[in-house]
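A look at the structure
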Amino acid sequence: MAEFTRQRGKRQEDNGLGSVLDLLLANARLVLGVTGAAVLAIATLAVKRLIDRATSPRDEGDPKAEQKTLEESWPELALIKATPNLAPKQRREDLSEPLLSPARPPVTEPRVSPAPLETPRLESSPPRCLTLQEKLLSHYSNHLAVPEAQVSLVLQLARGICAQLQNFLRNKCPELPFGSLFLSGPLLDGLRALTAEQVHLMLPVVLDTALWSLIPGEDTVVRNPQYWMIKRTDLEYFPRGCSPWDRFIVGQYFSSNVLNETLHKLLVASINWPAIGSLLGGVIHPVVASQELKLEVKHDQVELSITLFPVVEMEDKILLAAPPEGLVENLWLESFYRAEVSALKELDAGDSGIRQCCLCILNNVCKTHPALHKLAGSPLTHVILHLSAASTDWAEEDLADRFQQVLEELVGYLEKGVLPSYFNHKINLFCELSEEEIDEMGFMLYRAVSEPELLLTEK
């Protein structure tokens, strides 16, 4: 009976201890996870067996029993040591909860399938803000580059048209001493072209200097020093007919309008452009409605506009048959394009400057902006040349500073309404702009002085 009571008490103790261990292991799985629960289970089992051996009677002094007890303990210790020490990952809120909670009646919890692990999203870092210097260089390299293949094709077409037109004039008008036609424009003069779609075709008009002389523009009816008149001289000794160009005289002056009208009729009515276009692999149409001598060329790969300019070179002047709009018919426009290109190249070569790069960016900005398109070309070039005389820092790293400085100079010239020519200070390059155009340009550029990026984004 005593033995039964002792065995029953032992079983009750075992049952109590087992309940505690079961509760402990159940909570351990929730708190520590599967791996932590396994470690705790092994340790608990080892402790339980050690308690059993301590409470159970044993044969004292029996060395075999002691050896057996030690041999049974090694595997359990080995299991504990062999189990990796994993740091339990607990949320901050789990740390405040007790490891053991009061016993609760068992509740069957619905099994919930674990949610698939989401792939961590890598948040892209915000784009770095570019400086004005970087934006200008990017604009120059990415937006103003004409493919070499396109340039080559355009020049091939233009030279073909130039040769055909030269042969036609020699056959049709052998009495008129036209010089050899040549191409002009940024594509041929070493400046970086904005596009390969525009080419100028220059037609030299050869005059006998003994029969013709130049009259300065300020002495003409328009009082504009940029325009000149070409007067027929010594008519009493060399009457009309002595010069092949006398047929274009209006009131003793060589009329640029009459010459242009004659050439326009030849271009529109006398030249077989369909045959020439077929020979060159494209379609050529003269622009009938334009006052300029213009051809439109369409090819499978490019579209091209060619403008013909009769040009007279006398007394170190280059005069184009491009009279102003109005009733005056005898005026010739003085061109500084050749001098502008030469001056820019010489200055950039002297200090490895970026004047041509700055001019190209400004030209593109102004040509594509509805309020600023009349500033493109010669006015911008002369502003840069004026600024070069005062500022010598035109290295590539100074591009942003020079760009802003050109804008400031433009605002100053627009406020005065006067932009003097770099080569002749009597000439005002703003003389043909209206007050409304000057105000609109000035307002836009005044904003751009403090925010130059506006010009690179607004159109």
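Residues numbered from 1 in each chain as written. Predicted model: local features only at pLDDT ≥ 70, side-chain atom pairs only at ≥ 80, totals over all residues. Heavy atoms only, no water.

If you look the protein chain up in an unreviewed UniProt entry, it shows as Mitochondrial dynamics protein MID49 from Patagioenas fasciata monilis. Under the heading Subcellular location (unreviewed entry), UniProt records this for the protein chain: "Mitochondrion outer membrane". (UniProt positions renumbered as here; feature names shortened; annotations may be inferred.)

Here the focus is the pattern of salt bridges. A complete count under the given rule lists nine salt bridges for this structure. In this structure, Glu218 and Lys426 form a salt bridge, with 3.7 Å as the shortest nitrogen-oxygen distance. With Glu218 in the loop between strand 3 (212–215) and strand 4 (227–232) and Lys426 in the loop between helix 10 (399–416) and helix 11 (435–450), this residue pair connects regions lying 208 residues apart in the sequence. Look at Glu218 and you get partly exposed, because its relative accessible area is 29%. On the accessibility criterion, Lys426 (60% relative accessible area) is exposed. Salt-bridge contacts for Asp348 lead to Arg355; the nearest nitrogen and oxygen are separated by 3.0 Å. Accessibility classification places Asp348 together with Arg355 in one group, the buried group. (Salt bridge = Lys/Arg side-chain N within 4 Å of Asp/Glu carboxyl O. Helix = DSSP H or I, 4+ residues; strand = E, 2+ residues; numbered from the N terminus. Buried < 20%, exposed > 50% of the residue type's maximum accessible area, 1.4 Å probe, protein only.)

Before going further, it helps to spend a moment on helix 8 (residues 355–367). Taking 1.5 Å of rise per residue, 13 residues should cover 18 Å, and helix 8 covers 18 Å from first to last C-alpha, within 8% of that figure. Taken across its 13 residues, helix 8 has 11 buried, putting it largely inside the fold. Every buried residue of helix 8 is accounted for by Arg355, Cys357, Cys358, Leu359, Cys360, Ile361, Leu362, Asn363, Asn364, Val365 and Cys366. (Expected span 1.5 Å × (residues − 1).)

On to unusual backbone geometry, then. Its identity as a non-glycine residue notwithstanding, Glu315 has a phi of 50°, on the positive side. Inspection of the secondary structure assignment puts Glu315 in the loop between strand 9 (303–314) and strand 10 (317–320). Of note, Asp316 is a non-glycine position whose phi angle comes to about 65°, a positive value. Locating Asp316 in the fold gives a position in the loop between strand 9 and strand 10. Given the relative accessible area of 82%, Asp316 is considered exposed.

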